[in-house]
Each structure stands twice: as C-alpha cells, then as structure tokens.
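Coordinate analysis (summary)
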Amino acid sequence: MHTRTMLLVGSAALALLAGTARAGQYVDWNADGTATLKLGPEYDNARITVPQSMLGSAFGPGKQPFKGVTISVTVNGAGPKGGISGPLYSFRPIWEEISGGKVNIVELPFAEHYTKMMLDLRNGTGQYDAFMVGAFWYGDIVPAGYGYQIDDLMKSGKYPQWSYDVMPPSLKTLHQWEGKSYGVLNDADGQVLYYRKSALENPEHRAAFKAQFGYDLPSPPATWQQLLDISKYFNGKNWDKNDAEPDSGTVLHLKVGEQGHYHFQSLSASFVINPGDKVTRTQNVYWFDPADMKPLINSPGHVKALEFLQELHKTGPAAQVGWSLGEAWDYFLRGKAVFVFSWGDVGALCQDKARSKIPGDCAAAMLPSSNEYWDFAKQSWVKLDKPRPVGNTTGGSWHGVISNYSANPEATYSFLSLMAIPPVSKLMAMYGWDGVDPGFSYQFLEEDGGTARLDEYVKAGWDPNDAKTYTKAYKALFYAPTTLTYLRIPGTFEYWDILDKNLSAAMSGAKNAKQALDDTAAAWQGVTNRIGRDKQLADYRAAIGYKE
Amino acid sequence: MRWTGRIRFLFLAPAVLWVLAFTVFPLGYSLYLAFFKVEQKVEIKRVQQPVLDDQGRPLLEDGQPKLRNVVLRETVTTTTFIGLDNFRRLLADPQVADAVRVTLVFLLLAVPAEIGLGFLLALLFNRRIMGRSVLRAAMILPIFATPLAVGYVFFTIFYEVGGPLAWTGIPWLSNPTWALVSVALVDIWQWTPFCFLVILAALQAVPDDLYEAARIDGASNWDLLTKVLVPLLTPTFVIVLLIRLAEALKLFDIPFAMTGGGPGTATQPYSMLAFRTGLRFFDLGYASAMAYGLLAVVMVVITLFFRRMRESYG
Amino acid sequence: MAEPAARRGASLADGLASLAAVLVAFVFLFPIYWAFSQSLRNPLDTFTVAGFGIPWVNFTPTLANWIDQVGTPETLRSLANSTIVASGAAALALLLGTPAAYAVARFRFARWKNRDITIWFLSQRVLPPVATVVPFYLVMRALGLLDTHLALILVNATFVLPFVVVILRQTFLDLPLELEEAALVDGASHWGAFWRIALPLAAPTLAATGLIVFAFTWNEFLFAVALSSRNAITVPVHIAGAVDTRGVQFWFMGVRAMTAIVPPVLIALLAQRYIVRGLTLGAVKG
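Model, not experiment: these values are computed from the prediction. (Residues numbered from 1 in each chain as written. Chains lettered and ligands numbered in written order. Predicted model: local features only at pLDDT ≥ 70, side-chain atom pairs only at ≥ 80, totals over all residues. Heavy atoms only, no water.)

Contacts between chain C and chain B engage 114 residues on the former and 102 residues on the latter. Here chain C is connected to chain B by two salt bridges. Across the pair R128 of chain B and D14 of chain C runs a salt bridge, and its minimum N-O distance is 3.9 Å. Here chain C and chain B share 13 residue pairs in polar contact (both at pLDDT 80 or more) between them. The element that contributes the greatest number of residues to the side of chain C that touches chain B is helix α1 (residues 11-39) of chain C, accounting for 18 residues. Residues belonging to the side of chain C that touches chain B are distributed by class as follows: 86 nonpolar, 15 polar and 13 charged. (Contact = heavy atoms within 4.5 Å. Salt bridge = Lys/Arg side-chain N within 4 Å of Asp/Glu carboxyl O. Polar contact = N/O pair within 3.5 Å; in protein donor to acceptor, adjacent residues only side chain to side chain. Helix = DSSP H or I, 4+ residues; strand = E, 2+ residues; numbered from the N terminus. Nonpolar A, V, L, I, M, F, W, Y, C, P; charged D, E, K, R; others polar.)

Right, dumping it as structure tokens:
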C-alpha cells in the first residue's frame, strides 16, 4: 500500500512533466510512441518499455476499452508469490489500469482445479472467464466445445501482440487443436537433467568411478544406464560438504496425485518411442495403438523403463515415494543429490540463494536416453550404439484458455495476452518463483539460435555457466528429432490418475512393474469403453495427428 | 405420564419434513442415478443485449443503445435406463475391492486400539490424579481439532527426513503398509480420547459399594477388573464400538490431506474412491452405486446399534 | 469419587499414575504444539530443526508466516465464511431440533413410538456423507445454490440436527415436569409452556449444544469442498489450497492449521460438560 502511494505521487509528478505523454501508476504512455510497464518488487521493479503498438490498437493513452468489465481467471493455488498464479497478481494492476476492467483471480488447490473447471463447463455455470490449464486438459475442453477459439482475436491487432512463431513445433501443438488456436502463450514445460558438475568432474571421483565401473565417468551422462551407474556410485557417500551426512544419487518426486508420473513419462520415452518421419501404428506412438485404442502402456519397453526407474529410486532417499516437487527440489538445492530430472523451475531456483546452496554448480543437460528401445513392429529390442535424444514436453505448460461461456472473451484475451508479449514472457522465464519456464526463441541464447543475451540472464541474478547449459538443454529438448507424444484426449486426467496410482504402487513396492502396468492397461480399457471407443479413437488420432 | 394432543405434531413436523427433504430425497435421487445414465449437453448462443437503466429503458452511449455481451445456454439432457450395470461393475471392479480392503484393515487397526487404549486411560484417570480436570480437558482437544488440518499436521510429523519421528527410521508414509498404519495412528490419536471420555463416565458411575463388596469377597485386582468391571462396562463398550465403526467408515479427510490415498492406493478408503469417482471424474451413476454399496454395510451397523440404543430410549 | 476404597492413601501409586497421566496428555497435545512450532519457522528451518522444535531453543522464531497468511484476503474470507456457515447451521439446527426434542420428551406418540422417532433422527447421523454428496451437489446445482453460504448451511444443519434432538431431549426430560403442568393449569398453551417455561430453563444446554454443532460444522470438509468454488470457501478448503503444484508449504500449513484448529478446540473446552452425551448420541449420559 505504502509503496503504491509513493508511486502514485511520483507518477503524477511525471505526468506533469511529460506533456503529451500520459503517466500512470503502472503504465507510462511515453511521447515517443512507446509504453513502459512498471513491475513490482517481486520482479525487482523491472521497467519494460515496448512500442505502444505491441499492446494492440485497443489500448492507448486515455483509452479504457473494458471499463466496467470484470473477468475471473482460475489458476492452481500458490498465492501472490507462487508458481503460475504469481504473475497474474503482478500483471493484474497493469491490465486494470489500461483496460478499466477488473480481474478476479480464483486460486484452486491443484487437486481440485480440474474438477472445478469441468463442473463449471459441464454445468454451463460460466462462473469463470478463463482457466490457466495444463495442456493435458485440452481433450476434455476443446472437443466438447468449451474452449473459445482465439484466431480472430490474434489477427485483429487490437490486443497485445504475440505469436506462436516463437514456439518449437512440439510446444505449438499443445496450444492448438486440429489447427485452431485456443491457448495463450505462457509457460513451457519439459523435463531436463540437472547435475552437480563439481562432483562429476572431481578427479578423485572420476578415478574411483572408473575403477568400479570400467569406463570414464561421462559428464553429463548420455544414456540412462550411465546415469544409473553414476547415481549408484555417489549414493551413500558424503561427496557434498554442505553437511556431514551421506548424500544421494538421484532424487525423484514420486508422491501419488502430485505429478510423480511425469518422471516415468520422460524417462520411458526413449525406451518406447520408435523413430520415424510421421505417426504410424508403430512409430511415434506411446499411449495407445491408433488402430484400435489398445493401450501400449504395458509394452515391454514401458515395463523395462519402470523397472529401470525402480532401480534408480534405490539411489535416492526412500522417503521420496511420499515427496512432491518442492521436497525433492529442496533436497537437490540443499546439495543432497547429484541428479534430479525435472522442470525449468529447478534451474531458476538454483540461483535463489535463500533456498539454494548450489548456485553456479547447477548444470543442466538434455535428458539421457536408453541404449535400447522396444520395436513395436518387429516386437523385439533394438540395441543402439549411439544414444538418440528423445525430447519431451512433459508437464502442463500451464497457460490460459478462455471459456466459451465467457461473456467477455475480448477482455479476457487481452489480459492473458499482456503476459504473452515477448519482453514480458522473456522476463518471467528468468525468475524461478513464478513457475513460468523457458521454451521460446527469445528465451534461448543467440549462440543456440535464439535472441536472448547472456548478460540479460546475469542481470536477473543467474550464474553465467548455469544459464548457458540451462538454455542449451531446453533448446535441445524442445527441438529433439523424436519427441514423447503428448496425451490430450477426453479423460486424459483419469487415464493419468490411474497410471499415477499404479506407478506409485510400483515405486513403493506394492506391485512389480509388469503388474502395475498391466493393471493400468486393464483400467484404461474400462475408461475407453465408458467414454466410447470410437469417439476416443477419433479424438486420439486427431490429437496425435495420425491418419489411416 | 406424557401428554398427548395434536399440537405435538406441530412441534415435530418441521424437523421431520426437513430430514425427509434433505436426506430421503437426495438418496432417492441417487438411486435413480445408479439405474440411469444421464448425459447433458449444453448449447450456447452469443448475443448482445441492450443495457437497461433503473427504469428499464435502454441506456444510450454516443446516441446508440449501449450493448453488453450475453451468453445464452440451453441444456439438453438425455436419460437411458441401464439397469444393474453399475452394480455389476461395482462387484467386478478391482479398485473397489482394494478400497474395501483398505477400509477393513483400517477399521481393524484403529477401532480396537482406540477402545483398548481408551479403557486403559479411563482406568488410569479413575485414580486420584493431580490436576485431573485439567488433564481430562486436554484430552478433549484432539476430538475437536479440524480433521483436515490434523491430516496435514501429521504429514509433517511423519516426515521421514527431518521430521520429529524421523529418528525411528520407520518409513511412515513411503511404505504402503506403514502408510496405512500411520493413517490408523492419526485416527487413534483423534478418537482414543472419545472412547476414554465415554468409558471414564461409565466407570465413574460404578457405585463404590461394588468395589467394597468385591474386596470383602477377597477378589484380587485382576478379578475385580475381569469379573466386575468388564461385564459391567460391556454395554458401554458395545455402544462405543458401534459408534466408532459407523464413524470410521466415513474416513476421508485424514488420508486426503496426509497421503492423498497413496502410495499407490494403499491408503485410499472406500469413501475417497466414491468421492473421486463422482466429483472428480463425473461418473455420477457409478458413484451412486458405490454409495449404495456403502449404505448397505452401514445399515447393518445401524440396525445393530439401534437395537442396542432402544434400551437407552425406553 | 469412585476410586476403590482400598486404594485410598496409596500415594506412591497415585503419584506414578499422575505422572503417567501427564505424559499421556503430553502425547495428545504434541501434534497441536508441533503445528504451532512449524508456523513460527523460516522455510529453511523446516527440515533442519532438531528435537522438539522448541522456539528460541532449537531455532529463531519468526512471525513472518502469520503476517503473510493471516493478512491475505483469502484467509480472512475463509474465516468469515466458516463463521457464517457454522453459525447459520447451528441456528437453523437449533430452530428445527429444539421443538422436535421437546415433542419426543414431553408428548406421547402412538403409531411411531417416541424412541422410534428419536432413533430415526439418529440414523441420519450415521449416514455416510459420501453417499449423499453427489445428490446434494445436483440438488444445489438445480436450485442455483452452488458456492453459496446457504447451501452449506442447509447441508450442515441436516447433519447436525440429530445431535440437537438427542442432547436437548435428555435436557427436557431432566427438567421438572411440574412447572410446565402448572402453567398449563393456569391456561397456558403447550407452546406457551415450551416457550416461557421449558426453553429458558434449558438455555444453558441450548447454548452448549449450539457451540458443539458450530464446531462440527466448522470442521466439515467433504461437503465444503464439493459445494464451494469461489465465494463460499471455508477454512478447511482454504487449508487444502496451501498445497500447490509444488507440494505442501509446511510453514504456511502450520499457520493455516492453527487458524482452523483453535476455534473448535476452544469451543470444546467451553462445552465440555455436554460432549460425552452429544458424541454418544445420548447413549451415555456423561
């Protein structure tokens, strides 16, 4: 409140000086045709200056196109300083000032967000104008006609200007459905490997590793099998001197109902996905057989990957079976594990000295891949001499989708778009607390074909080496020649919930890998039959781009 | 002697009608849902309507009527009779079998322990104890502590790296068997005080001369306990047992907060499965069938309970 | 009162028993203490504090979490919502339940006997909420009451009604019949006897019963999470919201857990005398 008052006084004074320009509390309309967005302390009071045209023709000095309009946006509850929800709080006053409208932020517990959204849509209550969705909810939203198509709004030029062109194709498809656009750019999710470079390059450890395993310790590992060896080597030794306790190999977040299944998805991709130029019955498929919706989830490739994950789990703290993301990340950030494979949040949080003991020793790399995969066509294993990188877009890539029941889709779109314009999106990806992760061209470094400069990251508090490997890893991940197919058909949440429970049972030792995945497949058949096999088949084919 | 007179119905009617409206009707509706498949499709139309002022006249803006966006919706409902399909599915569903097993194991772990511990504590507190009323009051707190909050608090207590019970080395929440034990322990923490209070009240109602008489007969402490107190308290034990059974079947908040039903489904009780089926995955008909499965079990407990209760309300 | 006579004067045994009782009470209070201790810690102290986490001894306490959490509009709104819903449900349940309790205590019903009526009320309490949550949801949707205080008041009043009937039935039975009969002889109606004689005499129990059902409603989670989505979110639902995509934030959870637990626990202490009777649905007088 106090700072706001001060700002108000300050900007009033500025307005007097600026003449034709118009200064506001949160936005200055400058005389040179630019506008300056003024952010709060959570973004280090950053000032973002853009051409006024980037904000769209509907906005400008003296214009308040949405006066009297109130919009409600749902988001996973995390508070004004939490992941994904935080930026809504930061940009709300800016939008309210230039539009004259009001934003109602509805935070919902992660476990209830999907439910509340679907209840609103199914009942046609229309309580919410937009949802910050995970891309895996599309199958429940778009085919049923609940999503508001945004192509016309994007083309109109009236609202803040951004484009899908900055996205890798693997992420772009997550915002569209059969070529029509629904999602407003925000977050980019995918799992990369984070490793403790100092440990992996320590000569003593390298010598001891070679003596034990018979080959040079690769830094970073190129195959999952190498990663397992390294994890085994470091587990139980006190190789990190931040405390006197023994440390671990790989730390995982495996709590049921808390996104633990994503570890399995990212890891198993290279055990399962058969390479090829297009989607066929056997190539580039992961979830179901596109001919008949028979689950593939219990294929030998999937089973072997799960057995591998069980082995890897033994190199981490046993308690991680009950850990969600935060606990596992904190374990890595405290220097207790040599590897974690997770989202972009980790790289950014590593730089946060209040939470991390390892800034500057938090390198990132594309995920390793398996040295063999299961060939669906030949029904046999294919051994690889050279590991082939398999990318993933694992996660939600949380972003706004407008409800078809919204009475004010234009206002809602303009609010979401304000957070999607390149300079804003770029800034958000540099901060760890806001949960917005990088994946777009202006977030990659020039040396990797992007447009960001290293000094921008350094200015935002990054260690230059961490920033370099981090952006490189994400570039490689999202542009990999082969990518894990993303599931977004009706009922995806339920399919994943079943998988998640069975994976958790396998990781806690209640079921063996084969049993867990066989049970998953059987339960999936039930879901498919209930929703309707023909309908599911059609949506699945549309979602993965399979043509008979 | 009790009065008669028609006005008695007026005293009774509001509550009876209320209960009928708010439980019998929903239960009937639920039964309907179990036998029918109800599908809804909402169709929408976007229109612009003039904004009206206080007198109901269209508001003008720059000479034009001011318009606002309105979304009109029409709901089309289709209903198909599917008979016993949902109930057949219930019997064949491995998830249901698993949730029933979890619930039963939980009951067996928690309820006897609560009654046994409650009895022991009642015996302890039945002695001359310093500050008894304060200590007794302290024991009441768990019963009224918000169960959902309790679940989260115990999540931090059972935390295996750095939690207050970490020194035991027990995998409280990461091992499927222990996780269920942990859920039972929380329930024991919360409900032993209840058993304790009730049994203590019954103990304190035992007349002194009964002890004296037993003493004179030369009974040992053990004899006093097994031959006098236990038979005397049996009706109390039965009531406590039935109340705890009925309440424990509702188990939901604690695993919801503490384990999310995991690892796997190791701590997912029946009511949690039914809730998720109905209100997360919108399989309303099947959820209703599940509810009726639970109701059938509860009816047995209720019948036993009320056969016992009739004596108290004679 | 009821100690075995032979035990009197066995002071060593009683001393040991007192010690044991104190230890037991400590065990039962520890979790609430632990939540309080957590709420005073910096995030970095969450997993690294040794022993029993005693403020100032094991770590330097901070009020930052309390200031962060209690000040937010969401926390204040959930506290207000819970207060409104719990008071509303308690008032409504008393309004409906008190005359009904009076009826079964004072009048004779023939076709359905008094005890059958009482038992029928009680059976509502044993009903598993999960069996009615879906139909309740659909009913509230049809009435346009989703996400309103009224919906939660209606539901909770239904579920606490049995307590009211049972506790007050016993209270009316314990009142001397003569006063009301004298009033009737003086020409008062049954309603008058109830309103002017019985009700004022039962007022203390009435208040205690109100408090107990207030606490029950305050703690209710299942219906609250099913029926509220934005405006009517109660404290337990708000607590569940401290869990985000990244997991439980222990330090905030401590604060939220305390704000949830303290009011009903204080109430329990106030209404102690009536708790046994209420919780056993009148089967044990306590």
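There is more to say, and it comes next.
Quick look at the pattern of salt bridges now. Counting across every chain of the model gives 31 salt bridges over all chains. The partner of K336 of chain A in a salt bridge is D247 of chain A, and the shortest N-O contact between them spans 3.2 Å. In this pair, K336 of chain A sits in the loop between α12 (325-333) and β13 (337-342) while D247 of chain A sits in the loop between α9 (224-234) and β12 (248-250), placing the two residues 89 residues apart along the sequence. By relative accessible area, which is 7% here, K336 of chain A ends up buried. For D247 of chain A, a relative accessible area of 1% corresponds to the buried category. Two residues, R101 of chain B and D98 of chain B, come together in a salt bridge whose shortest N-O distance is 3.5 Å. Of this pair, R101 of chain B and D98 of chain B both sit in helix α3 (residues 94-125), separated by three residues, roughly a single helical turn. Here the residues in one salt-bridge network are K426, R453, D455 and E456 of chain A, joined through shared partners. (Buried < 20%, exposed > 50% of the residue type's maximum accessible area, 1.4 Å probe, protein only.)

It is worth spelling out a nonpolar patch on the surface at this point. Residue and element names in this part refer to chain B. Nonpolar side chains collect at one region of the surface, where F25, Y29, Y32 and V38 lie side by side and expose about 340 Å² of accessible area between them. Of the residues forming the nonpolar patch, the biggest block, three residues, is contributed by helix α1 (residues 7-35). Looking at the secondary structure, you find Y32 in helix α1. Using a relative accessible area of 33% as the deciding quantity, one classes Y32 as partly exposed. (Patch = residues over 30% accessible without salt bridge, like charges linked within 9 Å, V, L, I, M, F, W, Y side chains within 5 Å. Areas by Shrake-Rupley, 256 points an atom, 1.4 Å probe, with all protein chains shown as cover.)

Here we come to the domain arrangement of chain B. Residue and element names in this part refer to chain B. In terms of domains, chain B is made up of domain 1 (7-83) and domain 2 (86-312). Its C-alpha centre places domain 1 at a distance of 40 Å from the equivalent point of domain 2. At the junction of the two partners, domain 1 supplies eight residues and domain 2 supplies seven residues. Taken together, both faces of the contact between domain 1 and domain 2 bury some 630 Å²; the carbon and sulfur share is 64%. By the criterion of area lost to domain 2, the three top residues of domain 1 are L27, L33 and A34, representing 54% of everything that side buries. Where domain 1 touches domain 2, the interface holds zero salt bridges. Classifying every residue of the side of domain 1 that touches domain 2 gives six nonpolar, two polar and no charged. (Domains from an automatic or database assignment. Buried area = accessible area lost by both parts, 1.4 Å probe.)

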